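As a plain string of letters, each chain reads:
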Amino acid sequence: QVQLVESGGGLVQAGGSLRLSCAASGSIFMITFMGWYRQAPGKQRELVATITSGGSTNYADSVKGRFTISRDNTKNTVFLQMNSLKPEDTAVYYCNTKGRTTSSGTFDYWGQGTQVTVSS
């Protein structure tokens, strides 16, 4: 079993910054993939940024140059630094992680979501 705990969401004015964290714990042997997704009201969940175990990153075009994803492998934690926030970044942000368990299985879990609201 793997647990994900997200933190760092909140209300910020346009142009401001927030930093999201997602910590994974439990029967983890190795995490191969961590990512952030978001879902705005009335819209489908969309990819924001991802990072592999080797450190390769991928970003949605809408956040390139403003958001930075990083990870601390020693703490099984992924971060999303969000700068120059815009009202259109308002959404619930979800962490996703994939990997292998200590019993040689695989896992694919989602966090509970954290609300990010950007006021104009």
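Each value, and the rule that gives it
- Residues numbered from 1 in each chain as written.
- Predicted model: local features only at pLDDT ≥ 70, side-chain atom pairs only at ≥ 80, totals over all residues.
- Heavy atoms only, no water.
- Helix = DSSP H or I, 4+ residues; strand = E, 2+ residues; numbered from the N terminus.
- Rg over C-alpha atoms; globule rule 2.2 N^0.38 Å.
- Buried < 20%, exposed > 50% of the residue type's maximum accessible area, 1.4 Å probe, protein only.
- Contact = heavy atoms within 4.5 Å.
- Areas by Shrake-Rupley, 256 points an atom, 1.4 Å probe, with all protein chains shown as cover.
- Lys, Arg positive; Asp, Glu negative; His and termini not counted.
- Charge placed at Lys NZ, Arg CZ, Asp CG, Glu CD.
- Salt bridge = Lys/Arg side-chain N within 4 Å of Asp/Glu carboxyl O.
- Disulfide = S-S within 2.5 Å.
- Phe/Tyr/Trp six-rings, centres within 6.5 Å; stacked < 30°, edge-to-face > 60°.
- Lys NZ or Arg CZ within 6 Å of the ring centre and 35° of its normal.
- Core = buried A, V, L, I, M, F, W, Y, C linked by side-chain atoms within 4.5 Å.

Colleague: Before we move on, could you go through the overall build of the protein and cite the residues and values that matter?
Modeller: A count of helical and extended segments in the protein gives 0 helices and 11 strands. Each helix and strand of the protein, ordered N terminal to C terminal, gives the series β-β-β-β-β-β-β-β-β-β-β. Taking 14 Å as the expected radius of gyration for a compact globule of 120 residues, we find that the protein reaches 14 Å, a close match to that expectation. In terms of principal-axis extent, the alpha carbons of the protein reach across some 50 × 25 × 25 Å. For the protein, buried positions account for 42% of its 120 residues. Once local pairs closer than 6 in sequence are excluded, the contacts in the protein between residues at least 24 apart make up 54%. As displayed, the protein offers around 6200 Å² of accessible surface, 48% of which is attributable to carbon and sulfur atoms. Here the protein contributes 11 positively and 7 negatively charged side chains, and the mean placements of these two sets differ by 3 Å.

Colleague: Explain the pattern of salt bridges residue by residue, including any values.
Modeller: Applying the stated criterion across every chain, the model contains 5 salt bridges. Across the pair Asp89 and Arg66 runs a salt bridge, and its minimum N-O distance is 2.8 Å. You can see Asp89 sitting in the loop between strand E8 (77-82) and strand E9 (91-101) and its partner Arg66 sitting in the loop between strand E6 (57-59) and strand E7 (67-72), a full 23 residues away along the chain. For Asp89, a relative accessible area of 1% gives the class buried. You can call Arg66 buried: its relative accessible area is 11%. A salt bridge links Asp108 to Lys98, with the nearest nitrogen and oxygen atoms 3.9 Å apart. You can see Asp108 sitting in strand E10 (residues 106-110) and its partner Lys98 sitting in strand E9, a full 10 residues away along the chain. A relative accessible area of 44% places Asp108 in the partly exposed class. The structure contains a network of salt bridges with shared partners spanning Arg38, Glu46, Arg66 and Asp89.

Colleague: Could you give an account of the state of the cysteines, with specific residues and numbers?
Modeller: Considering all chains together, one arrives at 1 disulfide under this definition. A disulfide bridge connects Cys22 with Cys95, and the sulfur atoms are separated by 2.2 Å. Judged by the sign of its S-S torsion, about -80°, the cystine formed by Cys22 and Cys95 is left-handed. You can see Cys22 sitting in strand E3 (residues 18-26) and its partner Cys95 sitting in strand E9, a full 73 residues away along the chain. An identical accessibility class is assigned to Cys22 and Cys95; each is buried.

Colleague: Before we move on, can you summarise the packing of aromatic side chains with the specific residues and values?
Modeller: Scanning the entire structure with this criterion turns up 2 aromatic pairs. Measuring from centroid to centroid gives 6.1 Å for Phe107 and Tyr109, while their planes differ by 40°, and the two rings are tilted. Looking at Tyr109, the relative accessible area reads 27%, which means it is partly exposed. The lysine or arginine in question, Arg45, covers the ring of Tyr94, its NZ or CZ lying 3.7 Å from the ring centre. Geometry around Trp110 places Arg45 over its ring, the cationic atom sitting 4.7 Å from the centre.

Colleague: Explain the nonpolar core to me, and be specific about the residues and the numbers.
Modeller: Grouped together as the largest cluster of nonpolar side chains are 30 residues, with contacts concentrated most on Trp36, Leu80, Met82 and Tyr93. Those elements that place two or more of their residues in this core are strand E1 (2-7), E3, strand E4 (28-39), strand E5 (46-52), E7, E8, E9 and strand E11 (114-119). In this view, Leu80 contacts Leu18, Arg19, Leu20, Trp36, Val48, Ala49, Phe67, Thr68, Ile69 and Tyr93; residues no more than four positions away in its chain are not counted.

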